Amino acid sequence: MTNAVLMDLAVGLASGAVKVVDLSVTLSPDTPILELPEEFGWGKSWPFSKEEISRYDDRGPAWYWNNIKCGEHTGTHFDAPVHWVTGQDLPDNATDTLPPERFIGPAVVIDAVAEADNDPDFLMSLDFLKSWESENGTIPDGAWVLYRTDWSKKGSKEAYLNKDETGGHTPGWDPETVAFLAQERNIIGVGVETVGTDAGQAAGQDPMFPCHNLMHGANKCGLASLRNLDQLPTTGAILIAAPLKIEQGSGSPCRVIALVPQG
Ligand code: 23J
Ligand code: MN
């Protein structure tokens, strides 16, 4: 192979024939984070915060910078296989050891907007996924499978997390759907618009948190809190998501972008 492919990409980027779409949310103290059921005494992830070190002032006359603090799973973020107990013994399973080939791949977008609109607890069935494949083709090797719900368009944090006394009510997966993706398709992982890759009610599924359990157990990755999936074609875009190189990190906030051919 020659460098023609990359030269075409460079020309496409310069001319606008390839558009770069930002799939990330802004990190602020208001960025929604996962809140696990309190009754189990499960731990809590820190929300994002920043503290100014200096801003061209007596603390640093010519420079502006901040200290930042947050959980690894804050905002638009990457889930590495080591995040889950099922992936703990896999090789190269953490943010610093994952092969960088896993940070880029073709994106396929599965549209479940109507279903999620109709039922916030919608779980994508295997039939739903298979009927997507019969229309759009088999999910390619090395793909990021993106679950479009338009959930990222919810107007408030409350609507986005959609919690009541029984916990969150946000869409997710039937276990057999993620089992199929994990075992029958050679994907990098799945990406969702919701706060985590599993449904709001996934603590009560069998296995609990099936997407985390089955995908990470199969050495696949996850992306959560994506936005702008409505700007992607069903197939044909390339997604880039590189987590911070945290030593033995379980995940990290990351800037997720897509390369989208125009016209
Ligand atoms: C820990 C426990 C359950 C879940 C999660 C984390 C996430 O969604 C995450 O950000 O990985 S569901
Ligand atoms: Mn996560």
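Scoring rules and cut-offs
- Residues numbered from 1 in each chain as written.
- Chains lettered and ligands numbered in written order.
- Predicted model: local features only at pLDDT ≥ 70, side-chain atom pairs only at ≥ 80, totals over all residues.
- Heavy atoms only, no water.
- Near = heavy atom within 4 Å.
- Polar contact = N/O pair within 3.5 Å; in protein donor to acceptor, adjacent residues only side chain to side chain.
- Areas by Shrake-Rupley, 256 points an atom, 1.4 Å probe, with all protein chains shown as cover.
- Core = buried A, V, L, I, M, F, W, Y, C linked by side-chain atoms within 4.5 Å.
- Buried < 20%, exposed > 50% of the residue type's maximum accessible area, 1.4 Å probe, protein only.
- Helix = DSSP H or I, 4+ residues; strand = E, 2+ residues; numbered from the N terminus.
- Contact = heavy atoms within 4.5 Å.
- Phe/Tyr/Trp six-rings, centres within 6.5 Å; stacked < 30°, edge-to-face > 60°.
- Lys NZ or Arg CZ within 6 Å of the ring centre and 35° of its normal.

1. A look at the site of ligand 1
- Neighbouring ligand 1 are the residues Leu34, Leu36, His73, His77, Asp79, His83, Trp84, Gly196, Phe209 and His212.
- Residue His77 places a side-chain N or O atom 3.1 Å away from an oxygen atom belonging to ligand 1.
- Residue Asp79 places a side-chain N or O atom 3.3 Å away from an oxygen atom belonging to ligand 1.
- Taking 320 Å² as the accessible area of ligand 1 by itself, protein coverage stands at 89%.

2. Observations regarding the nonpolar core
- By size, the foremost hydrophobic cluster in this structure holds 26 residues, and its most contacted members are Ile139, Trp173 and Leu181.
- Going through the elements one at a time, strand 5 (104–111), helix 3 (126–136), strand 7 (144–148), helix 5 (175–184), strand 11 (189–192) and helix 6 (210–217) are the ones with two or more residues in this core.
- Excluding anything up to four places from it in sequence, Ile139 contacts Val108, Leu129, Trp132, Glu133, Val145, Leu181, Arg185 and Ile187.
- Core analysis: the next-biggest nonpolar cluster, separate from the first, contains 23 residues, Ala107, Trp144, Ile188 and Cys254 among them.

3. Considerations on the packing of aromatic side chains
- Scanning all chains against the criterion turns up eight aromatic pairs.
- For the pair Phe78 and Trp144, a centre-to-centre distance of 5.9 Å together with 85° between the ring planes defines the contact as edge-to-face. Placement of Phe78 in strand 4 (residues 77–79) and of Trp144 in strand 7 is noted, with a sequence separation of 66 residues between them. The same class applies to Phe78 and to Trp144, which are both buried.
- Aromatic side chains Phe122 and Phe128 sit 5.7 Å apart centroid to centroid with 65° between the ring planes, which places their arrangement in the edge-to-face category. Here Phe122 matches Phe128 in class, with each residue buried.
- Here the aromatic residues Phe40, Trp42, Trp84 and Phe209 are joined through ring pairs into a cluster of three or more.
- For the cation-ring pair, Arg55 lies above Tyr64, with the distance from its terminal atom to the ring centre recorded as 4.0 Å.
- Directly above the aromatic system of Trp46 lies the positively charged group of Lys69, at a separation of 4.1 Å from the ring centroid.

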